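Residue-level listing of the chains:
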Amino acid sequence: MSTRYFGKPIRRNEDERLLKGQALFIDDVHHPGMLHVAFLRSPYAHALIRNIDISSALERTGVVAVYTAKELGDLCTPGPLIVPPPPIEGIIFHTRTQTPLAVDKVRYVGEAVAFVVAETRYIAEDALEDIYVDYEPLEATVDIETAQSQKAPLVHEDLPSNLAAHVIQQKGNYKSVRDQAALVLKRRFYYDRGTAAAMENRGVVAQWDGKAHRLTVWDTTQAPIPVRNALASLLGLSESQVRVIAPFIGGGFGPKIMFYPDELLIPWISMRHNRPVKWIEDRQENFVATTHERGQVHDAEIALDENGCILGVHDIFLHDTGAYDPYGLTIPINSQCTLLGPYKVPNYYSEFQVVFTNKPIVTPYRGAGRQHGTFVMERLLDVAATELNLDAVEIRRRNFIPPDDFPHDHKIMYQDFSSLTYDSGNYIPTIEKAAEIIGYNSFIEEEQPELRKKGRFCGIGIVSYVEGTGIGPYEGARITIEPGGTVSLATGIGTQGQGHFTSFAQIVAEHLGVDVASVRVVTGDTDAFHWGTGTFASRGAVVAGNACNEAAQKVREKVLKMAGEELEAAEKDLVLEDGFVHVVGVPQRRIALGELARRANPLRGSVKPGTEPGLESTVYFGPERGATANGVHAMIVEVDPQTLMVEIKRYVVVHDCGTVINPMILEGQMHGGVAQGIGNAFYEQLMFDDQGQLLNASFMDYLLPTASDIPPIETAHLETPSPLNPLGVKGAGEAGAIPVGALFAQAIENALPDFDIEINEMPLSPNRLFELIVEKRV
Amino acid sequence: MKPASFKYYAPETLDEVLELLVAHGMDANLLAGGQSLVPMMNFRLAQPVVLIDINKIKSLDFVSEHETGHLRCGAVTRQSTIEKHADVQKLAPLLQETMPFIAHSPIRNRGTIGGSIAHADPAAELPALMLVLEARFKLISASRERWVDASDFFIDLFMTDREPEELLAEISIPPMKKHAGWAFDEISRRSGDFALVGAGANVHLDPDGTCSEAKIGLMSVGATPMLADHAMQLLIGQKPSETLIKEAAETAAHQDIDPGSDLHASAAYRKQLTRVLTERVLQKAFNRARKRN
């Protein structure tokens, strides 16, 4: 099908506003008489609260109120379990969610204990220093490997241990194939914590209108509609009394899906004081108050035949959920499922335990557990390849699910509660393309030996992964052609930089024959659209995109029907182009879409029974299950063998997310994901001491890679459409970040064969590489 | 991350600055470029009662060649000015070559030479470089004026010889000698970060190739910027061979420093980096000196 807009690298509609500084971000929201809030957060990872004295804070000029759990009364109950665990047989799951302010005990550094409401943020922060909290510090549980020992302090004293969940999933019979295997390899893998560090921190502004009895909340949430529903329920309002607006947001990446205590408290204060209230999280808070990701330890074993084909995998792992588990088991289930990657694994045993620790809460962040699974599987294959004297491309090629084996049911349960089934895929061309672009064979055979002769230590890596995307339940879209000719599109998901204002507009413009720039997209405003779940799990383009597609088709049908009558022509003879409908071959016999919209909404006269006014349609789309994207990343690095500094010489991404809506936006997703992946692999690590203190809660010590640390990224796309949605699209939001750790490990090992190190942990650093080399020598 | 309240003065003359220092001394912080102080105030790690902004004092903003041939810089001269100034290139090329290692250009546009020296961060480039360049600092107060050698100035972590009522006003650097060679290098996690370790060298070769002077400055390996004294002694009076340079680098790493461990580098890794960087800067510096001979 030839298209005008769909599939084209069209420049983004939203960029003019963003680049000119005219886009509304949360801190741009100002109201006369607005109050400001600052939170007092626990300096201890684990302590009893004996007493809180707020009296001198209340005396400070400009302080309006100070609240502790006591003053909150009934509001101070545990928050919602946002994602319940999947119904897996034999599952253990203990729900523990936090109260808006800590009651009697704090369980992580950064847990909110009290807050000040004041005329300015400065005064509010000054008053925090006036609050005296009498803590009785307790020993903290920090290390996940010892969290379940007898001696480990209990994070939740009403539970018998720090076990939060226990899940076993298996298929086939690993034990029986293990005995027949030509090769069995076992390793322990560590993957440590990081934080999403969105450029914009979180924030909430709330305005209670006492005359209209309506609450308006501006919130940096990825899920404005669920937030509205929760607020209505918790504040005793009807849903139609609450409007949540998620304006432009400087990055979501997962942690902004939660329902945080502040998201309840700020609106509550606004109602209570009948004044607008603002809270903007600062970077220091963001490091502890916004959720983290990534602490896991895996004991994994792979069994292969003599040709390097996988017979089975056995993996037992621990997952650190921090002090609470409001997001259920999404991350460890993703790790468990994504470990299987693009490979045939006939026998699989996977068991995990989730543990509570006295550390900030862990919830999904771009990749959402997929990194861990991918790291384990890719590393196991690398070790196996070395043992069997195969190269990294060949061992993967031998294990890929063949193209005629789709849909491929892995027969374990995925995060969307359905069986983990890949809808479509064609994996061999992906790795071949990546190997070709980076020159895998010529690098190994020619360039690498030449460089080595010159004393340069260069290495290559190539890894493969899948990304489960586009899960349900549903999203919707309402499309309206306005009398002025503008096409307006409203959808319930929020936007945090994904390019929705353009990619959705492209889908609509294609059907309606209008310029992409003339489609006005509204996302994340519950007054504009109030059914849906949100932007997460790489689902916006798949779920909301297909709703846009079908709604546009419905509107097109209305346009054709009406234009046929107006122009006295058969519908099949009509063309939608440049905002007009004209008769094919007779461009002067035409009518503007805006004029049709005006006539579809008459002021007088009578309409036929059953007629709907206007040219408008609302459609919901819910996929049967998620669509599985895949890709291969390849990289050449140079390692300085003396300083262990690593320089990326080339980085290649070959990616297949089905049909592509806008290749330029897709490339941006890849670049951003790779940048975060590089950060997670080589720069970023949240470091805690043995009492649960976060030691690097600033950008001075938490090393986000900057533009100068990210290499140029070469991308190529293959398109294997998804059969699960009419557009054939799959999600792409997380792909860039998923396999980077595994890639670093393989490439660095390849660069340093003389040192004989094996990298089974993430993240790395030059210092850590130095230690690994020294340990190996000893 | 809002600073605690403070009293702010922005005097127009040097005399007013010195009077304010007498009046507020211990309670006051001087604000120059603010690139270290302002973040510390926002974290409330620094809570000065009084902030004396010296950015309006034009007499502290200059670069010139003194009649003695020394390079003179006013304390509030922006680092970006130092980076581009012809006199710096001519008289202290090592200083000029080191400037791009300092953070990022927007930070150098605000950061001042005097601010960085007075802050005395052992991980910063300028304090260590002042040792290598044998710089002298002019400290003035309402009652006196004195010159201090860089080697006497840095006392401990973020501590200098400056008295509370004194202002670091001027930096004087002797001109690079004819047969000198120099080099600077550092290892940082990201471009623009404080270095895990940095090393600067300034050497002089006699016409017969004997090393007559050698300064090696090291950063991020102790509480203060420091000179690698033992390593320097090894070189002086010798004709620097590759073996001697390696020996000097070993000495710097294992006799001259006793670095600590932190989140980003263990003591062992810092020693390794010190050895590698010392060797690299010495090689480059001696090669340069040979070429100029």
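Residues numbered from 1 in each chain as written. Chains lettered and ligands numbered in written order. Predicted model: local features only at pLDDT ≥ 70, side-chain atom pairs only at ≥ 80, totals over all residues. Heavy atoms only, no water.

**Q** Teacher, can you tell me more about the interface of chain B and chain A here?
**A** Buried accessible area, meaning the area lost when the parts come together, often serves as the stated size of an interface. Listed as interface residues are 26 residues of chain B and, on the opposing side, 34 residues of chain A. Interface of chain B and chain A: buried area, both sides summed, is about 2,600 Å²; carbon and sulfur atoms make up 55% of it. Considering only the side of chain B, the residues that lose the most area to chain A are B:Arg189, B:Arg190 and B:Leu263, jointly responsible for 29% of the buried surface there. Linking chain B to chain A there are three salt bridges. The partner of B:Arg280 in a salt bridge is A:Asp640, and the shortest N-O contact between them spans 2.9 Å. For the pair chain B and chain A, the interface holds 16 residue pairs in polar contact (both at pLDDT 80 or more). Among the elements that take part in the side of chain B that touches chain A, helix α12 (residues 267–292) of chain B stands out by supplying seven residues, more than any other. For the side of chain B that touches chain A, the residue count by class is 12 nonpolar, seven polar and seven charged. (Contact = heavy atoms within 4.5 Å. Buried area = accessible area lost by both parts, 1.4 Å probe. Salt bridge = Lys/Arg side-chain N within 4 Å of Asp/Glu carboxyl O. Polar contact = N/O pair within 3.5 Å; in protein donor to acceptor, adjacent residues only side chain to side chain. Helix = DSSP H or I, 4+ residues; strand = E, 2+ residues; numbered from the N terminus. Nonpolar A, V, L, I, M, F, W, Y, C, P; charged D, E, K, R; others polar.)

**Q** Help me understand the pairing of strand β24 (residues 580–583) of chain A in this model?
**A** In summary, the side chains of a regular strand alternate between the two faces of the sheet. All names here are of chain A. Sheet topology places strand β23 (residues 574–577) next to β24; four bridges connect them, and they run antiparallel. Directly across from Val575, in β24, lies its bridge partner His582. Both β24 and strand β25 (residues 586–592) contribute to a ladder of four bridges, which runs antiparallel. The residue bridging His582 from the neighbouring strand is Arg590, located in β25. Linking two consecutive strands that pair antiparallel, namely β24 and β25, is a turn of two residues; a positive phi of about 80 degrees is found at Gly585 within it. (Pairing = 2+ DSSP bridges.)

**Q** Explain the packing of aromatic side chains to me, please; I cannot follow it from the model alone.
**A** For any pair of aromatic rings, geometry is given as the distance between the ring centres together with the angle between the planes. All names here are of chain A. Taken as a whole and judged by the stated rule, the model has 26 aromatic pairs over all chains. On the basis of an interplanar angle of 85 degrees and a centroid distance of 5.6 Å, the ring pair of Phe682 and Tyr683 is categorised as edge-to-face. The class for Phe682 is buried, based on a relative accessible area of 3%. Overall, the relative accessible area of 12% leaves Tyr683 in the buried class. Among the aromatic residues, those joined into a cluster by ring pairs are Phe39, Tyr67, Phe115, Trp268 and Trp279. (Phe/Tyr/Trp six-rings, centres within 6.5 Å; stacked < 30°, edge-to-face > 60°. Buried < 20%, exposed > 50% of the residue type's maximum accessible area, 1.4 Å probe, protein only.)

**Q** Mind showing me how you'd approach the confidence of the model for chain B here?
**A** Detailed reading of predicted coordinates is not advised where the pLDDT is low. Of the residues in chain B, 100% reach a pLDDT of 70 or more, and the chain-wide mean stands at 97. The complex prediction reports pTM at 0.96, with the ipTM value standing at 0.95. (pLDDT = per-residue confidence, 0-100.)

**Q** What's the story with the packing of helix α17 (residues 663–683) of chain A against helix α18 (residues 740–751) of chain A in this structure? I'm lost.
**A** Helix-helix packing: each pair is described by the crossing angle between the helix axes and the interaxial distance. Residue and element names in this part refer to chain A. The contact between α17 and α18 brings their axes to 8 Å, and the two run at 60 degrees. What the angle tells us is that α17 and α18 run oblique. Like other packed secondary-structure pairs, α17 and α18 cross with a definite hand, here right-handed. Contacts between α17 and α18 involve Val674, Gly677, Ile678, Ala681 and Phe682 from the former and Val740, Gly741, Phe744 and Ile748 from the latter. When the residues that make up the contact of α17 with α18 are grouped by side-chain class, the tally is seven nonpolar, two polar and no charged. (Axes fitted to C-alpha atoms, helices over the stretch in contact; angles between N-to-C directions. Parallel < 35°, antiparallel > 145°, perpendicular 65-115°, else oblique. Left-handed = near helix turned anticlockwise from the far one by under 90°.)

**Q** Could you clarify how one ought to interpret the sheet that holds β24(A) in this entry?
**A** Through backbone hydrogen bonds, the strands of a sheet pair up, either in parallel or in antiparallel fashion. All names here are of chain A. Strand order across the open sheet formed by three strands is β23-β24-β25, with antiparallel pairing between neighbours. Pairing within the sheet leaves two strands with one partner each, and these edge strands are β23 and β25. Within this sheet the neighbouring strands show an average axis-to-axis angle of 35 degrees, counted without direction. Against the sheet, helix α15 (residues 540–567) contacts β23, β24 and β25, and its axis sits at roughly 120 degrees relative to β23.

**Q** Before we go on, may I ask you to explain the side chain of B:Thr77 in this structure?
**A** Residues and elements named next belong to chain B. Considering the arrangement of structural elements, one finds Thr77 in the loop between β5 (71–74) and α3 (79–84). In this structure the side chain of Thr77 is engaged in a polar contact, spanning 3.1 Å, whose partner is the backbone oxygen of Phe62. Only 2.7 Å separates the side chain of Thr77 from the backbone oxygen of Gly74, close enough to count as a polar contact. Beyond its immediate chain neighbours, meaning those up to four positions away, Thr77 contacts Leu60, Asp61, Phe62, Val63, Ile82, Gly111, Thr112 and Ile113.

**Q** I'm lost on the pattern of salt bridges in this one. Help?
**A** When the charged atoms of two side chains with opposite charge come close together, those side chains can pair. Taken as a whole, this structure holds 72 salt bridges over all chains when the rule is applied. With a closest N to O distance of 3.3 Å, A:Arg294 and A:Glu293 form a salt bridge. Here B:Lys246 and B:Glu279 are joined by a salt bridge, their closest N and O atoms 2.9 Å apart. You can see B:Lys246 sitting in helix α11 (residues 242–256) and its partner B:Glu279 sitting in helix α12, a full 33 residues away along the chain. The class of B:Lys246 is partly exposed, set by a relative accessible area of 41%. By relative accessible area, B:Glu279 is classed as buried at 11%. One network of salt bridges, with partners in common, ties together A:Arg41, A:Arg121, A:Glu125, A:Asp282 and A:Glu285.

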